[in-house]
Amino acid sequence: MPTGKLAKWQILLSEFDIIYITQKAVKVQALVDHLAKNPMGGEYEPLKTYFSDEEVSFVGEDIAKSYDSWRMFFDGAANFKGVGIGAVLVSDTGQHFFASANLRFPYTNNMAEYEACIMGLNLAIDMNIQELLVIGDLDLLVHQVQGEWATKNTKILPYLYNM
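Presented here is a report on the structure given in the accompanying data block. (Residues numbered from 1 in each chain as written. Predicted model: local features only at pLDDT ≥ 70, side-chain atom pairs only at ≥ 80, totals over all residues. Heavy atoms only, no water.)

So, the overall build of the protein
Here is the rule: Note on conventions: DSSP H or I runs of at least 4 residues are helices, E runs of at least 2 residues are strands, and numbering of each starts at the N terminus. Each residue is placed in one exposure class: buried if its accessible area under a 1.4 Å probe, protein chains only, is under 20% of its type's maximum, exposed if it is over 50%, and partly exposed if it falls in between. Working rule for contacts: check all heavy atoms of both residues, and any pair within 4.5 Å makes them a contact. Computed with a 1.4 Å probe, the accessible areas rest on the Shrake-Rupley method; for each residue, only the protein chains presented here act as cover.
Scanning the protein from terminus to terminus reveals six helices and four strands. Reading the helices (α) and strands (β) of the protein from amino to carboxyl end gives α-α-α-β-β-β-α-β-α-α. When the 163 residues of the protein are sorted by exposure, 29% land in the buried category. Sequence-distant contacts in the protein: of pairs separated by 6 or more residues, those separated by 24 or more amount to 59%. If you sum the accessible surface of the protein, you get close to 11700 Å²; carbon and sulfur atoms cover 55% of it.

Here is the structure:
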């Protein structure tokens, strides 16, 4: 049962046949928060953390079957609590290497995505990886980096020139 502001909004919206539904938990955000709170220092080590949520799954084709070289997954998130970024490199043998960070400056979600991608690419460079499939969930970043979409936000321009 909603309380406080949620109850007030639900009552106000009921006049207009509008239904307010609270947002479900975002599993990617949970992963980014976990990685940001557990940074690794020094040498890169495989991710050996147990996640109890067996419901987490990948939707779509299995990338490991169609691409057997190094892969990088990255994500960033900004909210009222702060900004967290993370990247996971998966080797051709299935080993996982990750990097994560909390950012201490005011970033937008798009800027956080670029920061996560850059951090993952730097990790790949440090590990001397020659071929890498980069996978992100933000179409804006992917299309802007590939030059398919124009960039109007002046805060994003420095990221494009540094990629």
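Next comes the rest of the account.
Some details on helix α4 (residues 109-126)
Here is the rule: Expected helix span is given by 1.5 Å per residue-to-residue step, counting one fewer step than there are residues.
Taking 1.5 Å as the rise per residue, α4 with 18 residues should run 26 Å; its terminal C-alpha atoms sit 26 Å apart, in good agreement. Among the residues making up α4, those that are buried are M111, A112, E113, Y114, E115, A116, C117, M119, G120, L123 and A124. Residue N128 follows α4 closely and has a positive phi angle near 60 degrees.

Description of the sheet that holds strand β1 (residues 70-79)
Going by this rule: Two strands qualify as a pair provided that DSSP identifies no fewer than 2 bridges between them. Where helices are involved, their axes are fitted lines through C-alpha atoms of the stretch in contact, as for all axes, and angles between N-to-C directions lie from 0 to 180°.
Ordered in space as β3-β2-β1-β4, the four strands form an open sheet in which the pairing is mixed. On the outer flanks of this sheet lie β3 (96-103) and β4 (132-136), each paired with one strand and no other. If you compare each strand with its neighbour and ignore which way they point, the axes differ by 15 degrees on average. Pairing of β1 with β4, which is carried by five bridges, proceeds in the parallel orientation. Paired with R71 across the two strands is L133, which belongs to β4. The sheet strands contacting α4 are β1, β2 (82-90), β3 and β4, and the helix crosses β1 at an angle near 150 degrees.

Details of the environment of L123
Relative to the helices and strands, L123 resides in helix α4. Taking the relative accessible area as the measure of exposure, L123 reaches 3% and is therefore buried.

Brief notes about the environment of K37
In this fold, K37 is placed in helix α2 (residues 27-37). It is 8.9 Å that separates the C-alpha atoms of K37 and G84, two residues lying 47 residues apart in sequence.

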